[in-house]
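Secondary and tertiary structure notes
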Amino acid sequence: MRTQLFIGNEWCDASSGQTFPVVDPATEAVLAQVAKGAEADADAAVLKARACFESDEWRGMSPRKRGSLLFRVADLLRARLDEFAELETRQNGKTFFESRIEIGMVVQSLRYFAGWADKISGDTLPVEGPFLTYTLREPIGVVGAIVPWNFPLNIASWKFAPALAAGCTMVLKPASETPLTALLMGELMAEAGFPPGAFNVVAGGGSTAGSALVRHPEVDKITFTGSTEIGRRLMAEAALTNKRVTLELGGKSPNVIFADADLDAAIKGAQLGIFYSKGEVCAAGSRLLVERSVHDEVVERLSERAKKLTVGDPMDKGTRLGAVVSKAQQETVLSYIKKGIDEGARVRAGGKAASHGGKGFFVEATVFDNVTPEMTIAREEIFGPVLAVLPFDDEAHARSLANDTIYGLAAGIWTRDISKAHRLARNIRAGTVWINAYNAYDPGAPFGGFKASGFGRDLGREALDGYLETKTVWVGLGG
């Protein structure tokens, strides 16, 4: 287990000598004391990243060689998948079953963007006059990535894989709750052959190490996944040095079930949409909109399924509901449940804290009925295993409810009427819309939000655009 900062392919203590604890949310045991990076450490990492970016070794490296290094990292990670998955479970509280899926997705992302490294190209432009005019696509420079605790390494890979493929260098600031897999990734990067400074990891607080990256004049781009509130502050601070910014922020995503849907599939999809990874998912289908004629049946059946999602040891292969990431997050989720009850919603399943062996920050899988659109649990992102169910009367009503939010990250639609499905998909303002599915992801499919859910895209070819500049070259042909 790596607990020091990873800067310039070397392990080092924080300049202050301070550490902070990483706690297993399922057992409340301290897993490790990790070096607590701050401004001086972020500065050191940025300067290493800048030196690497300007070096002949990195700038002279062929795109195909960069791709081969990413393929090598993917192979190294695949060989240690269970080790990384267990570490992810220990620090985050999610089940080992889920962690194995997510580390597997990191491998896929590395391989996908490795394949893009030597396929980034410009265009020849048919301009007026005797000129040869063309564009070059060049790396933007040093990238600071600030990532959340819900998918610690997976979301980090959405940043570092395309950034490195594009030829940028990276300083990664993982969440304080979950820095361990990001730090261990530094070991793999060095083993794969990335030069010193190409990939750096500085653990520490968002207000110290994170803010230092945002303010640093040698950082060219910030990519951030986290809350809308923090994203707004980060964007304002980044503007002081004209940094490029990509923001993937919060969500309150509608999952819409029509009466003509395959209800068995829709109910399973609704369960997956809110209870996967204990609801700590930006795109969680936390607002379930159900056509009134099947509303009672859906609520009853879904509530019965939720009651069977008992908490347990996240390392047990039979456990499907792990611990939320921290005591603070457990208290936040429980406060939203109380607010839902106080505002008149009815708990149909769950609604309480839970434990395993008397320990852990668990919350029962919770389903609320009798929810109205103005209620807090229907409007604010809870980031826990809490579902708000609202009825609708027809397609127009469903569209209105779906868009009645400041967010626009994702949505789901369940119906056998393909015309209605495509029509509603066009009319819901969200960056991802699933039809007869939920929580499907692939490295080749771009992901990001509309409205208060942010801008820019992770994953897919579109992610590369966030790490590239376009240069136009004019060549006079004379004559």
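Let us look at the structure shown here. (Residues numbered from 1 in each chain as written. Predicted model: local features only at pLDDT ≥ 70, side-chain atom pairs only at ≥ 80, totals over all residues. Heavy atoms only, no water.)

Here we take up the layout of surface pockets. The space that makes up the largest pocket amounts to roughly 880 Å³. Residue lining of the largest pocket: 37 residues in total, with Trp149, Phe224, Gly226, Ser227 and Ile230 positioned closest to the centre. Elements supplying a minimum of two residues to the lining of the largest pocket: helix H8 (206-215), strand E10 (221-225), helix H9 (228-238) and helix H12 (327-342). Ranked by residues supplied to the lining of the largest pocket, first place goes to H9 with seven residues. Grouping the constituent residues of the lining of the largest pocket by class yields 16 nonpolar, 13 polar and eight charged. In this structure, the second largest pocket encloses a volume near 430 Å³. Taken together, 25 residues make up the lining of the second largest pocket; nearest its centre are Phe151, Leu272, Tyr276, Val281 and Asn439. Every element with two or more residues in the lining of the second largest pocket is listed here: helix H5 (96-116), helix H6 (152-166) and helix H10 (263-275). Residue contributions to the lining of the second largest pocket peak at five residues, all from H5. (1 Å grid on protein atoms, 1.4 Å probe; cavity = no way out; pocket = protein on both sides within 12 Å on 5 of 7 lines; lining within 4 Å. Points joined across faces, edges and corners; volume = space filled by probe spheres on them. Helix = DSSP H or I, 4+ residues; strand = E, 2+ residues; numbered from the N terminus. Nonpolar A, V, L, I, M, F, W, Y, C, P; charged D, E, K, R; others polar.)

An order of E14-E17-E18-E13-E12-E20-E21 is seen for the seven strands of this open sheet, with the pairing classed as mixed. Because the sheet does not close on itself, it has two edges, and the strands there are strand E14 (346-349) and strand E21 (432-435). In this sheet, adjacent strand axes meet at a mean angle of 25 degrees when their direction is disregarded. Relative to strand E12 (residues 254-257), H10 is tilted by about 170 degrees, and along the sheet it contacts E12, strand E13 (287-291), strand E17 (366-369), strand E18 (386-392) and strand E20 (410-414). Taken strand by strand, helix H15 (residues 418-427) contacts E12, E20 and E21, and its axis lies near 165 degrees from that of E21. (Pairing = 2+ DSSP bridges. Axes fitted to C-alpha atoms, helices over the stretch in contact; angles between N-to-C directions. Contact = heavy atoms within 4.5 Å.)

Between its terminal C-alpha atoms H10 stretches 18 Å, which fits the 18 Å expected from 13 residues at 1.5 Å a residue. If you check which residues of H10 are buried, you get Leu263, Ala266, Ile267, Gly269, Ala270, Gln271, Gly273, Ile274 and Phe275. On the buried face of H10, the contacting elements are E12, E13, helix H11 (292-307), E17, E18 and E20. Where H10 begins, the capping side chain belongs to Asp262, and its oxygen is found 3.2 Å from the backbone nitrogen of Asp264. At the exit of H10 stands Ser277, carrying a positive phi of roughly 55 degrees. (Expected span 1.5 Å × (residues − 1). Buried < 20%, exposed > 50% of the residue type's maximum accessible area, 1.4 Å probe, protein only. Polar contact = N/O pair within 3.5 Å; in protein donor to acceptor, adjacent residues only side chain to side chain.)

On to the sheet that holds strand E24 (residues 468-476). The strand order E5-E6-E24 describes an open sheet built from three strands, whose pairing is antiparallel. Each edge of the open sheet is held by one strand with a lone partner, namely strand E5 (124-125) and E24.

To continue, consider the packing of aromatic side chains. Each aromatic ring pair is summarised here by two numbers: the centre-to-centre distance and the angle between the ring planes. Going through the model one piece at a time under the given rule, you end up with twelve aromatic pairs. Ring geometry for Trp158 versus Phe447: centroids 5.6 Å apart, planes at 65 degrees, classification edge-to-face. Of this pair, Trp158 sits in helix H6 while Phe447 is found in the loop between E21 and strand E22 (450-451), placing the two residues 289 residues apart along the sequence. For Trp158, a relative accessible area of 5% puts it in the buried group. Among the residues examined, Phe447 registers a relative accessible area of 4% and is labelled buried. Residue placement shows Arg320 over the ring face of Phe97; its charged tip is 4.0 Å from the ring centre. Just above the ring of Phe258 sits the side chain of Lys420; from NZ or CZ to the centre is 4.2 Å. (Phe/Tyr/Trp six-rings, centres within 6.5 Å; stacked < 30°, edge-to-face > 60°. Lys NZ or Arg CZ within 6 Å of the ring centre and 35° of its normal.)

Taken N-terminus to C-terminus, the directions of helix H4 (residues 81-92) and H6 make an angle of 115 degrees; their axes are 9 Å apart at the nearest point. In terms of orientation, H4 lies roughly perpendicular with respect to H6. Taking contact as the criterion, the partners of Phe84, Glu88, Gln91 and Asn92 in H4 are, on H6, Pro152, Leu153 and Asn154. Of the residues contributing to the contact of H4 with H6, the split by class is three nonpolar, three polar and one charged. (Parallel < 35°, antiparallel > 145°, perpendicular 65-115°, else oblique.)

In total, this model carries 32 salt bridges according to the counting rule given. Residues Arg64 and Asp118 are paired through a salt bridge, measuring 2.8 Å at the closest nitrogen-oxygen approach. Remark: Asp118 occurs in the loop between H5 and E5 and Arg64 occurs in helix H3 (residues 63-79); sequence separation between them is 54 residues. A relative accessible area of 62% means that Arg64 is categorised as exposed. Taking the relative accessible area as the measure of exposure, Asp118 reaches 31% and is therefore partly exposed. Across the pair Lys159 and Asp458 runs a salt bridge, and its minimum N-O distance is 3.1 Å. Here Lys159 is found in helix H6, whereas its partner Asp458 is found in the loop between strand E23 (454-455) and helix H16 (460-465), with 299 residues between them in sequence. Pair check on accessibility: Lys159 and Asp458 agree, each one buried. (Salt bridge = Lys/Arg side-chain N within 4 Å of Asp/Glu carboxyl O.)

The next subject is the pairing of strand E11 (residues 244-248). Where burial is concerned, most of E11 is hidden: four out of the five residues are buried. Inspection of the sheet shows E10 paired to E11 by five bridges, in the parallel sense. In the sheet register, Lys221 faces E11, and the bridge partner there is Arg244. Regarding the hand of the β-α-β motif, the stretch spanning E10, H9 and E11 is right-handed. By the bridge criterion, two bridges tie E11 to E23 in an arrangement that is antiparallel. Bridging from a neighbouring strand, Glu248 pairs with Gly454 of E23. (Right-handed = clockwise from strand over helix to strand, strands pointing away.)

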